[in-house]
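# Analysis of the macromolecular model
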Amino acid sequence: ESNLGRRKEGGKEEKGVARVGNMSSVGTGYDLSASTFSPDGRVFQINYALKAVENSSTSVALRVKDGVILGAEKLVISKMISPESGRRVHMVDHGIGVAISGFVADARQLVARCQEEAFSYRDIFGSTIPVRVLAQRMANYMQVYTLYSYVRPFGASILIAGVDEENHQPQVFQVEPTGITVGCFGAAIGKGRQSAKTEMEKLDLANLTCEEAVKELAKIIHTIHDDIKDKNFILELGWVSPQSNYKYERVPRELVAQAEKAAKEALGDLSDMEEEDI
Amino acid sequence: RGGWGGMAGQAQAVSTGTTIVAVAFDGGVVLGADSRVSTGTYVSNRASDKITPLGGQAFLCRSGSAADTEAISDYVRHFVRQHEGELQEDPDVATVARMAMSINYQNKDRLMGAMIVAGWDAHEGGQVWSLPIGGTLVRTPWAIDGSGSTYIWGFLDSEYREGMTEAETVEFVKTAVALAMARDGSSGGVIRTVTVTAEGSKRGLFTGKSIPQFQDELPEPAWVR
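## Side note on the overall build of chain A
When its secondary structure is counted, chain A shows 6 helices and 12 strands. Looking at chain A residue by residue over its 278 residues, the buried ones come to 46%. Contacts spanning at least 24 positions in sequence make up 63% of the contacts within chain A whose residues lie at least 6 apart. Of the roughly 14,500 Å² of accessible surface on chain A, a fraction of 51% belongs to carbon and sulfur atoms.

## Considering the pairing of strand β12 (residues 200–206) of chain B
All names here are of chain B. When strand β11 (residues 191–197) meets β12, the two strands line up antiparallel, connected through 7 bridges. Bridge pairing in β12 links Thr195 to Lys202. The turn linking β11 back onto β12 is made up of 2 residues.

## Focus on the packing of helix α2 (residues 104–125) of chain A against helix α3 (residues 131–144) of chain A
All names here are of chain A. At a minimum axis separation of 10 Å, α2 and α3 run at an interaxial angle of 130°. As judged from the angle between their axes, α2 and α3 are oblique. Note that α2 runs across α3; the crossing there is right-handed. Across from Leu110, Arg113, Cys114, Glu117, Ser120, Tyr121 and Phe125 in α2, the residues of α3 making contact are Val133, Leu134, Arg137, Met138, Tyr141 and Met142.

## Examining the packing of helix α4 (residues 193–201) of chain A against helix α5 (residues 210–224) of chain A
Helices that pack against each other are described as a pair by the angle of their axes relative to one another and the distance between those axes. Residues and elements named next belong to chain A. For the pair α4 and α5, interaxial distance at closest approach is 9 Å and the crossing angle is 145°. The element α4 and its partner α5 pack so that their crossing is right-handed. Two secondary-structure elements touch here, α4 through Ser195, Ala196, Glu199 and Met200 and α5 through Ile220, Thr223 and Ile224. When grouped by side-chain class, the residues that make up the contact of α4 with α5 number 4 nonpolar, 2 polar and 1 charged.

## With respect to the pattern of salt bridges
The final tally for this structure, using the stated rule, is 23 salt bridges over all chains. Across the pair Lys202(A) and Glu199(A) runs a salt bridge, and its minimum N-O distance is 3.3 Å. With relative accessibility at 24%, the residue Glu199(A) sits in the partly exposed group. Measuring nitrogen to oxygen at the nearest pair gives 3.1 Å for the salt bridge that ties Lys174(B) to Glu171(B). Of the two residues, Lys174(B) and Glu171(B) both sit in helix α4 (residues 166–183), 3 residues apart, roughly one turn of that helix.

## A look at the sheet that holds strand β7 (residues 156–163) of chain A
All names here are of chain A. Strand order in this open sheet of 5 strands is β5-β6-β7-β8-β9, and the pairing throughout is antiparallel. On the outer flanks of this sheet lie β5 (89–93) and β9 (181–184), each paired with one strand and no other. For this sheet, the mean angle separating the axes of adjacent strands, direction not counted, is 25°. Where β7 meets strand β8 (residues 170–175), 6 bridges bridge the pair, whose relative direction is antiparallel. Counterpart to Leu159 in the pairing with β8 is Gln174. Of the strands in this sheet, β5, β6 (96–102), β7, β8 and β9 are in contact with α3, which crosses β8 at around 5°.

## What to know about α2(A)
Because the α-helix completes a turn every 3.6 residues, residues three or four places apart line up on one side. Taking 1.5 Å as the rise per residue, α2(A) with 22 residues should run 32 Å; its terminal C-alpha atoms sit 31 Å apart, in good agreement. Every buried residue of α2(A) is accounted for by Asp106(A), Ala107(A), Leu110(A), Val111(A), Cys114(A), Glu117(A), Ala118(A), Tyr121(A) and Phe125(A). Taken down its axis, α2(A) places every buried residue within 145° of arc, on the same side. Away from its buried face, by an angle of more than 90 degrees, α2(A) presents the exposed residues Ala105(A), Gln109(A) and Phe119(A). Taken together, the buried residues of α2(A) touch β5, β6, α3 and β7 of chain A together with α1 (66–87) and α2 (93–106) of chain B. Among the residues trailing α2(A), Gly126(A) stands out with phi positive, at a value near 80°.

About the cut-offs
- Residues numbered from 1 in each chain as written.
- Chains lettered and ligands numbered in written order.
- Predicted model: local features only at pLDDT ≥ 70, side-chain atom pairs only at ≥ 80, totals over all residues.
- Heavy atoms only, no water.
- Helix = DSSP H or I, 4+ residues; strand = E, 2+ residues; numbered from the N terminus.
- Buried < 20%, exposed > 50% of the residue type's maximum accessible area, 1.4 Å probe, protein only.
- Contact = heavy atoms within 4.5 Å.
- Areas by Shrake-Rupley, 256 points an atom, 1.4 Å probe, with all protein chains shown as cover.
- Pairing = 2+ DSSP bridges.
- Axes fitted to C-alpha atoms, helices over the stretch in contact; angles between N-to-C directions.
- Parallel < 35°, antiparallel > 145°, perpendicular 65-115°, else oblique.
- Left-handed = near helix turned anticlockwise from the far one by under 90°.
- Nonpolar A, V, L, I, M, F, W, Y, C, P; charged D, E, K, R; others polar.
- Salt bridge = Lys/Arg side-chain N within 4 Å of Asp/Glu carboxyl O.
- Expected span 1.5 Å × (residues − 1).
- Arc of directions from axis to C-beta.

See below:
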């Protein structure tokens, strides 16, 4: 039998997967192109693309009673960079916004594609593209890049959030490099997604208003931000809410400032408690 | 050589030389049309159906070139069906009307179709959309088109009221088509109607005696039973 892809370490034998020290698993031989399956039914290039997203800064989206909120943790790598630059939350069409995590360059292409799809839908059908239709089109688009050896999958995930024109129904969809899209009440992507999801699950999203949700989202992002490993960050927030007439807009500065202040106070209280324990 | 349209040796395109009417009421629309299809003076079909379903709860009234409007309706039905697949629900009447309009507009140099798209959807209720030749799209409370429509503009202008019931609207549409059929040589045959509401669509057919007659019509001979 061929030894290709087999490695024994500590008695654990897995075909196609090698563990090299403390590094994450590597698919020996079956991971060189997206057109190759591994013997255990994986396409490793897709897994690696997901890793790229997992290692990037966090984005979160919430679907609440009367609208949707999008938020991103934009890490500040240098004080010389203009804070307005490197946007993570974009407008796709009147009532739809998109937040990105992963390779920013790949994600920008996805945002451009979202805008093209929305524009062409409006051109042909005369109305705003329903959020679920946009999400499915983007998923189908991303899936194509998982088929061939001469391209690589997108190293980015996107959160599409909007309020459908017809029935004022808020919708949030997560689209991944795998080509899957899933509709969510709360979605998080990037390095802090697990903590973010834990925080989101504590909320009664169906009964939150957009104004309340802005504060909650600010708190979530401040909570999951890793002060030690990462430097400063800027909180980018966008929404589609009754206050914005169901158009996608950046959340007004005063509201963002209030929300951040409340978030820091809440976290400040927590760290006070920790000191008392000591 | 005698013949078709009196123009020796020159064939006339098959035209729907028609009367088509659509009127919206609170809760739906009523579409109506005559049934005559003519090639010159020859009536090639005296009982045709000029009201075509397009998909969802939208219907098309066709006038102008029969071939053009049939081809347009086939294309629209095809694209509506594709759109339904992506949307996973019935498209709005406005969307269907827009798709028909874009075919008219993009091919305006080659087509001669004057149409009305009308129907019901949950978003806007009963709607009537005019699609004259050239690719205009405009929503109106009522619309008429075809050669016979020239004789009934005054009737609709003066007799249309908002807030009619479904039954009143059906009578109104029937009367309008009958008046046009009485004066337009290219309109005649039977009156077909389609009523579209939240509950769906119903077809009506009015022949012979059930077509309204007006004061200058000859009375039926006594010997007719």
